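Per-entry structural report
Below, each chain spelled out in residue letters.
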Amino acid sequence: MRTLASYVYGEWVEGQGEGAVLVNPATEEALAVTGSDGIDFAAAAAHGRETGGPALRAMNFEERAEMMKAMSESLHAHRDELLGLGVANGGNTRSDAKFDVDGATGTLAAYASLGRGLGDKKIMLAGEGVQLGRSARYWGQHILTPREGVAVLINAFNFPAWGWAEKAACSLLAGVPVIVKPATSTALLTFRMVEILVSDAVLPEGALQYISGSAGDLLSHLTEQDVVAFTGSAKTGRIIRGHENLLARSVKVNVEADSLNSAVLAPGLDPDGDTARLFVREIVKEMTQKAGQKCTAVRRILVPSDDLDRVRDEIAQALSAIRIGDTVNGDVRMGPLATSNQLRDAHEGIAALAAEGEIVVGGMDPVGDGKGYFVRPTLLLNSDPAAAREVHVREVFGPVATIMPYDGTPAAAADLVRRGAGSLVAAIYGDDVTFMGDLVAGLAPWNGRLYLGSRKVADMAVGSGAAMPLLKHGGPGRAGGGAELGGLSGLRLYQQRTALQGDRGLLNKLLGG
Ligand code: NAP
């Protein structure tokens, strides 16, 4: 069986001891073994800071952009192989794997393009300059410079390609080296991506390191200029946020955690119109893409009471038609969950949601011969969402969502959405400007992104689950309070913002104004 090594301090290092076994979740066949025992995490952090950091900071934005374009091209040249690894180790359909792998190369390319726009500079300006005294000669300007540390990128199992690439795109363009730490269970794809990039030598030494297996004591070796960008469960997020060394040294930490995303259907829509059709189509896609293992997947579906029965039946019918199985078979539309633990958690979650509602379609019956970590697309109904609890607090990380009635007013919909205590995204489907406006105002403080599905964009809509490089990804409260992507603002996590004050002429010369 293949052993996945880590790439640290300029060499490939295999972990000591037994290690964890990575499997194919459709067949439970063992694919690889990996572990990080014995790795000198302090040396890895130092290597990033002392070798990777200076090399990246010596480059201007254009040069870093070229490097990222080369990364994107290098990975894209191996696209088929990478998609195959997503299928084998992630249980992805080919289309799921494309979402992840093309999302990774596309985001690197998008940031390369943003970097080119910054030209040959090494310092970014933050906002406009300001006059500080009576004369315009005394001037102030905020600037952004790369932190002189290393960025530790810890990711969840569901996006082994895009997950680290979207973080690395921001960090590397900002000029900060990265240590990539994917979830162990699906690390095969990330491992291969790093192997390709190391072999093609598209980054300076020290700019990209990779840990296969647990993060060990890495966080205890981070210092004041370092960054931790974490994506995963709220539970692990709390552990990292409360890490003693990170607190003591004010290490910057960004947390992207779980989220109970909602989709709201406006009242009074023609059931056969483009907007109502879009709603049903996208709900089904968001529930089943990557077998519902997306932080942005829709978990709570709010439908006006008058439309509830019809919409419930339409979604249930579409879900029943989805073919589940080993995704090496081309006609399969949904694969398994990634691990046996995820399957157990999903079953527990469905049971908890069913205890305060009812299963409309799907449920916990085994699929096929019981081999593999499959769960059926499951729609639940909760008829009294204002009195319910579980549906607003329990994220079932699988193809599972609950449909609920509301009275058709923006106020009632907003009240229910807010019970999720902060989400990555909420989708509103409607064509009435007043309804949309009221709901946008009610939902914006509680969501990182609002997706507005309407007749005019029905033919170009990408679905609420796709995080866009130019738009912010991250939500308040339960979603972790983080912010990633969002164009150049995504670099902020990796930069120090400093106020400069002095002679305007001197500032202009220093900053090339
Ligand atoms: P997880 O168990 O919290 O693990 C996430 C990552 O943290 C893994 O790489 C894991 O490594 C690592 N980790 C665990 N304990 C750690 C510790 N004490 N110190 C440092 N690293 C540690 O989450 P998951 O099961 O992989 O992912 C599912 C969750 O992620 C869901 O709740 C989902 O909503 C969330 N998610 C959120 C977003 C978002 O953008 N907001 C995106 C995707 C997923 P090991 O695998 O080696 O244990």
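Relevant structure appears above.
The following paragraphs examine the structure supplied in this document. Owing to the predicted nature of the structure, the values given are computational and were not obtained by experimental measurement. (Residues numbered from 1 in each chain as written. Predicted model: local features only at pLDDT ≥ 70, side-chain atom pairs only at ≥ 80, totals over all residues. Heavy atoms only, no water.)

Bringing a nonpolar patch on the surface into the picture now. There is a patch of nonpolar side chains on the surface, built from Val 130, Leu 132 and Tyr 138 and spanning about 260 Å² of accessible area. Looking at the element boundaries, Val 130 is found in strand β6 (residues 124–131). Its relative accessible area of 45% is what places Val 130 among the partly exposed residues. (Patch = residues over 30% accessible without salt bridge, like charges linked within 9 Å, V, L, I, M, F, W, Y side chains within 5 Å. Areas by Shrake-Rupley, 256 points an atom, 1.4 Å probe, with all protein chains shown as cover. Salt bridge = Lys/Arg side-chain N within 4 Å of Asp/Glu carboxyl O. Helix = DSSP H or I, 4+ residues; strand = E, 2+ residues; numbered from the N terminus. Buried < 20%, exposed > 50% of the residue type's maximum accessible area, 1.4 Å probe, protein only.)

Taken in spatial order, the 3 strands make up an open sheet running β6-β7-β22, and their pairing is antiparallel. Of all the strands in the sheet, just β6 and β22 (495–503) have a single pairing partner and so form its edges. Going from strand to strand, the sheet's axes swing by 15 degrees on average, the running direction of each strand aside. Taken together, the 9 bridges between strand β7 (residues 138–146) and β22 define a ladder with antiparallel strand orientation. Looking at β22, one finds that Trp 139 is bridged to Gly 502. (Pairing = 2+ DSSP bridges. Axes fitted to C-alpha atoms, helices over the stretch in contact; angles between N-to-C directions.)

Our next topic: the nonpolar core. Counting 66 residues, the largest nonpolar core has Phe 279, Ile 301, Ile 315 and Ile 403 as the members making the most contacts within it. Ranked by the residues each element gives to this core, the list is headed by helix α9 (residues 274–288), at 7 residues. The contacts of Ile 315, once residues within four sequence positions are left out, are Val 280, Ile 283, Val 284, Ile 301, Leu 379 and Ile 403. (Core = buried A, V, L, I, M, F, W, Y, C linked by side-chain atoms within 4.5 Å. Contact = heavy atoms within 4.5 Å.)

Turning to helix α10 (residues 308–320), a few remarks are in order. The end-to-end C-alpha distance of α10, which contains 13 residues, comes to 18 Å, matching closely the 18 Å that a straight helix rising 1.5 Å per residue would cover. Those residues of α10 not exposed but buried are Leu 308, Val 311, Arg 312, Glu 314, Ile 315, Ala 316 and Leu 319. Where α10 is buried, its residues touch β13 (261–265), α9, β14 (298–304), β15 (358–361), β16 (378–381) and β17 (400–406). (Expected span 1.5 Å × (residues − 1).)

Here the focus is the state of the cysteines. All told, the structure shown has 0 disulfides when counted by the stated rule. Not part of a disulfide, Cys 170 finds its nearest cysteine sulfur in Cys 295, a span of 15 Å. Judged by its relative accessible area of 2%, Cys 170 falls in the buried class. (Disulfide = S-S within 2.5 Å.)

Turning our eyes to something else, we now look at the site of the ligand. Every one of the 26 residues lining the ligand counts as a neighbour, but Asn 155, Thr 184, Ser 233, Thr 236 and Glu 395 are closest to it. In the environment of the ligand, an oxygen atom lies 2.7 Å from a nitrogen or oxygen atom belonging to the side chain of Glu 395. Calculation on the ligand without its partners gives an accessible area of 910 Å², and the protein chains cover 79% of this total. Elements with a minimum of two residues in the shell around the ligand: β11 (227–231) and α7 (234–241). Broken down by element, the residue count for the shell around the ligand peaks at 3 residues, all from α7. (Near = heavy atom within 4 Å. Polar contact = N/O pair within 3.5 Å; in protein donor to acceptor, adjacent residues only side chain to side chain.)

Ordered by their spatial adjacency, 3 strands build an open sheet running β1-β5-β4, and the pairing between neighbours is mixed. Every interior strand has two partners, whereas the edge strands, β1 (2–4) and β4 (20–23), have only one. Recorded for the sheet is a direction-independent mean angle of 35 degrees between the axes of neighbouring strands. Here β4 runs beside strand β5 (residues 30–34); their pairing, made up of 4 bridges, is antiparallel. The residue of β5 that forms the bridge with Ala 20 is Thr 34. Sheet strands touched by helix α6 (residues 187–200): β1, β4 and β5. Its angle to β1, the strand with the most contacts, is close to 75 degrees.

That's the geometry; what it means functionally is another story.
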